[in-house]
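# Structure at a glance
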Amino acid sequence: MKCSNPCKIFGAYQALGGIEDSVVIFHSVVGCHFANMSFHLTRDMEDLRQTCTVINDRDIILNGENSLRLAIENVISLYRPRLIIVITGCVTEIIKDDVDRIVEEFRKRVDVIYIDGAGFKSDFEKGYEDALVKLVKTFSIKKEKSKKPLINIFGMLYDDYKRKQDILALNEVLGDKVDIGFISASANLESIKRIAYADVNIAFGRGIEACRFLKDKYNQSYLQMDYPYGIEGIKGFLGVIADTFNIDYSETIKNLEENSKEAFNKIYSYLNSLYGLPVCVVGSYSRARGMKRFLEMELGMEVVSFGIREKSLNMEEFIANVSSSDTALVFGSSFDGDIADRLKVPLIPFDYPVYDRVSISNTPYIGEKGAVNLTEDILNSIMMGVKNRGAFYNEEDMYIW
Amino acid sequence: MKQKYYEELSMSMYPSALLHRFGVNGKVSGSIYAVGEMKEVIPVIHGPRGCGYHYRYSARRRNYPYYNVISSEMEEGEIVFGGEEKLFQTIIETYRLYSPKLIVVIPTPVSDVIHDDITSAVKRAKDKGINVIGIKSELFSHRDKSYSAKRFKEVAKQRFGESKNLDFDIKGCGFTEVLYSLVEEVMVKTEVIPLTVNIEPIGFGPHGKQVLKEIEDTLRLVNVRVNSYFPSSTYEEVLAMPSVSLNIIRRLRWAKKMKEKFGTLYLQINTTGRYSGIKGISQFYRDLGIKLGIENEMENLVKTKETNALDRTSLVKEKISNYRVMIISRNIQSVPYLIEKYALDYAMDILSCVVILTDKTKKNLDINHSVLEGLKSKIDSSINECSKNTELIINPREEELEELSKNCDVIIGTEDYSFHRFGLPVIHPRHDTMSLSYESYIRSIEKMGEKLESSINKPNLIINKLGYDRESYPLLPHNNIIATEKMWSEMWLHRKGK
């Protein structure tokens, strides 16, 4: 019926697309390439490193292996990448192209990995996990102790609405006390190879299978946590880091509390109107939970409808439930405009995919800065909403005069 | 009606033109687009969840998705044992939840490759009293890639002033597949009502909705009624389509099928040049008059409307004729008609016409020597007939362009704002909204008059600081972007026997 979650091929692309100096080849029909690209280009029109083997009728009859060879040859000569990521789609998995063999033919010339992205096999989460596991299995090397505290971050997506801003905010809040070695959705081949050097792996929900692999192979500890939205979210994250490395972040926490307070002072009265507000949150596991916690525990809202995509969310039932609730705002992906429009309330997009907003300024959603930016977006969305402006009992007047 | 410039803006904000430099979407998007235009009709995509998820977004719906897309969510079991049962259950459940007047089952490459029996699932659902049709795939996955080049060649063969129909369609276009199936499976023969038309509402320009309303109002003056805009109608309106006397169309195949099945005549309006400018607008109504058997009434209407349009615009045209204009275009096939329109309809003094034809365009559109000569000859003819003093320059050097610009007051015909570097204003083509209504003719000329008076040179545009690639305008000249464009043309457009 209505799909709440995309398929494997999207998960694999979101896990690995952000690796610098890599090129993704969709060994599939044009639709898979175009779909991933259409979500990606609305986030970043400059960073474009993907292509397609354009599987056609002839490939179906013979096989698509020559198309894949041709694509890899072309990618080597045109992009000169350090890594080629071949992600297959449903059709090439059905016709059983021997992708492993083709990839092997090129391994002496360039690093190539192959991820099975067939949508009929599983969902986004499986695609994401499989891709990261394949990546670390293929490239990670034996641990050497890092001189400085070092962490890896999993669970970020290549096309997160605030990818670059959130990564920058994480680095800023950690300061020079701790380095991030590898961060999914924004890595390079060197950081992937040195992934086992880190002291701890932190998975913002996703990436847990790769963390488990690294634990088994290199005895690296790991921790799964919700996406650190809000002041308390980032404090929780810093708390974990402080405990792991015995570092004092109290000054950092004091500063971030002060800085955000300064911003919130300017809108103190508006904050009153958000308290107790019934809202809907729908998203992927760690994002939705992190957002729910921020909205409820920091802004004082009440999440009356809560949906997690990974849990085989039945969209028809979920939409019906939200529609019968008192929801005044919807937090979700751009596709959840479906719900917001039915209720004629604003949508605050935060979860993948976000394709109907641009974000080029340094306005993260993570941490204390994110708390300010999210609150700003929430308030502006309410004030700019098409409905409920103008006359109180005769609002249509605004369209006539 | 929405504000027309906002309507056009919301369309251009969806980065379709950019995306199509690096790929085309699967034909499912065309099918979803067609079904999404209809009211009370729901599409069921027969494929894995990813197709049902993403095709909501990229079906010519600007940034507003088509939320009501249902998926049969095929999984491994369906791949092995067939998905007919799951499709059947999905149709039943869709009907139970949404009670649409029609369900349209759209195949995907996955259902095509396993040869799933859509017809049988559809028949079973029909037997249960559900109104459902299945779309038949003409081609696997995507449309015929040679369409643009073939069309280009046909256009080049035509002489300027000659305007016969280009008698072919895009094979494997999902949109066309749906229209064809609606004719074949939904429409039923009914009594024909004289002086009624259906209109395929595509290609009426950036302010198309307004133009269609104006055409409808004009036709009403000769007692012609628009029955439906196909497929942008209700289910009942589609059902009643065979009751009209004439279809006004762009795409040929569905109209041919209607003619074959119901005897419905059609007028195709994607001919090059025949319907451009005031002459073309009048020709459009005259052709309609002939097809509808009301030549005399229509001729009277045309005379009145044409005279009014010419009277209303004569003063503005006088002002426009004082401006010395340079046309710049990267679209060589449209240049003869640009010259005709700007010279005859707008009364512009066209000093020079610059055509930019890159090697990449020649390769992508398969423009060989004879095609190029045909196109040049058409441009020469249009200059001879419409604007004798216009100098034609193809691919001038920077110094030549600079020299030409010194004698001109304004640049038109291009979306390349870098030409502000010559110190002249550049008027965006969005202000030229002349279409098939007399009102659009008047509006466009008045708007152009306004723009010529008010436009100024803007040497500090941020967009011009980005340094676009001149061969692949308007892409940035970054290696990965250019490589991705080249990859696409190597893997798709130019791939022969590799």
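This is a predicted model, so every value here is computed, not measured. (Residues numbered from 1 in each chain as written. Chains lettered and ligands numbered in written order. Predicted model: local features only at pLDDT ≥ 70, side-chain atom pairs only at ≥ 80, totals over all residues. Heavy atoms only, no water.)

Residue and element names in this part refer to chain B. Note that Glu398 resides in helix H19 (residues 398–406). Taking the C-alpha atoms as reference, Glu398 lies 54 Å from Asn296; in sequence the two are 102 residues apart. Filtering out sequence-adjacent residues up to four positions away, Glu398 remains in contact with Arg421 and Phe422. (Helix = DSSP H or I, 4+ residues; strand = E, 2+ residues; numbered from the N terminus. Contact = heavy atoms within 4.5 Å.)

This part takes up the layout of surface pockets. Roughly 460 Å³ of internal volume is contained in the second largest pocket. Around the second largest pocket, the lining is made up of 22 residues, and of these B:Asp112, B:Asp116, B:Ile135, B:Lys136 and B:Ser137 lie nearest the centre. When contributions to the lining of the second largest pocket are tallied by element, the ones reaching two or more residues are helix H3 (57–61) of chain A together with helix H7 (109–113) and helix H8 (118–127) of chain B. Residue contributions to the lining of the second largest pocket peak at 4 residues, all from H8(B). In terms of residue class, the lining of the second largest pocket is made up of 9 nonpolar, 5 polar and 8 charged. (1 Å grid on protein atoms, 1.4 Å probe; cavity = no way out; pocket = protein on both sides within 12 Å on 5 of 7 lines; lining within 4 Å. Points joined across faces, edges and corners; volume = space filled by probe spheres on them. Nonpolar A, V, L, I, M, F, W, Y, C, P; charged D, E, K, R; others polar.)

A separate point is a nonpolar patch on the surface. Residue and element names in this part refer to chain A. A surface patch of nonpolar side chains, amounting to about 280 Å² of accessible area, comprises Tyr270, Ile382 and Met383. Tracing the backbone through its elements, the reader meets Met383 in helix H17 (residues 367–384). Met383 sits in the partly exposed class, given a relative accessible area of 42%. (Patch = residues over 30% accessible without salt bridge, like charges linked within 9 Å, V, L, I, M, F, W, Y side chains within 5 Å. Areas by Shrake-Rupley, 256 points an atom, 1.4 Å probe, with all protein chains shown as cover. Salt bridge = Lys/Arg side-chain N within 4 Å of Asp/Glu carboxyl O. Buried < 20%, exposed > 50% of the residue type's maximum accessible area, 1.4 Å probe, protein only.)

Residues and elements named next belong to chain B. Summarising burial for strand E9 (residues 324–329): 5 of the 6 residues are buried, a large majority. In this fold, the crossover linking E9 to strand E10 (residues 349–355) by way of helix H16 (residues 335–345) has right-handed handedness. Direction of pairing for E9 relative to strand E12 (residues 410–412): parallel, over a ladder of 3 bridges. Bridge pairing in E12 links Met326 to Ile411. (Right-handed = clockwise from strand over helix to strand, strands pointing away. Pairing = 2+ DSSP bridges.)

What follows concerns the packing of aromatic side chains. Counted by the stated rule, this structure contains 30 aromatic pairs over all chains. Geometrically, the ring pair formed by B:Tyr14 and B:Tyr57 is edge-to-face, given 5.3 Å between the ring centres and 80° between the ring planes. Placement of B:Tyr14 in the loop between helix H1 (4–13) and helix H2 (16–19) and of B:Tyr57 in the loop between helix H4 (49–54) and strand E2 (70–71) is noted, with a sequence separation of 43 residues between them. In this structure, B:Tyr14 and B:Tyr57 share a single accessibility class: buried. With a centroid separation of 5.3 Å and an interplanar angle of 75°, the aromatic rings of B:Tyr64 and B:Tyr67 are classed as edge-to-face. For B:Tyr67, a relative accessible area of 8% gives the class buried. Here the aromatic cluster, defined as three or more aromatic residues joined through ring pairs, consists of A:Phe10, A:Phe39, A:Phe124, A:Phe335, A:Tyr352, A:Tyr355, B:Tyr14, B:Tyr53 and B:Tyr57. The ring of A:Tyr365 is capped by A:Lys162, whose NZ or CZ atom sits 4.9 Å from the centre of that ring. (Phe/Tyr/Trp six-rings, centres within 6.5 Å; stacked < 30°, edge-to-face > 60°. Lys NZ or Arg CZ within 6 Å of the ring centre and 35° of its normal.)

Here the focus is the interface of chain A and chain B. With 60 residues of chain A at the contact, the number on the chain B side is 60 residues. Summed over the shared surface of chain A and chain B, the number is 0 salt bridges. Counting the contacts that link chain A with chain B gives 14 residue pairs in polar contact (both at pLDDT 80 or more). Put simply, the parts of the chain that give the side of chain A that touches chain B at least two residues each are helix H2 (30–41), strand E2 (50–52), H3, helix H4 (65–79), helix H5 (90–94) and helix H16 (337–343) of chain A. Counting residues per element, the side of chain A that touches chain B draws most heavily on H2(A), which supplies 9 residues. Tallied by class, the residues present in the side of chain A that touches chain B amount to 32 nonpolar, 15 polar and 13 charged. (Polar contact = N/O pair within 3.5 Å; in protein donor to acceptor, adjacent residues only side chain to side chain.)

The strands making up a sheet associate through hydrogen bonds between their backbones, and the pairing can be parallel or antiparallel. Residue and element names in this part refer to chain A. Taken in spatial order, the 4 strands line up as E2-E1-E3-E4 in an open sheet, and their pairing is parallel. The open sheet terminates on both sides in strands that have one partner only, identified here as E2 and strand E4 (111–116). Taken pair by pair, the neighbouring strands of this sheet meet at an average axis angle of 20°, ignoring direction. In this sheet, strand E3 (residues 83–88) lies alongside strand E1 (residues 22–27) in parallel orientation, the contact comprising 6 bridges. The partner of His27 across the bridge, within E3, is Thr88. Strands E1, E3 and E4 of the sheet are contacted by helix H6 (residues 99–106), whose axis makes an angle of about 170° with E4. (Axes fitted to C-alpha atoms, helices over the stretch in contact; angles between N-to-C directions.)

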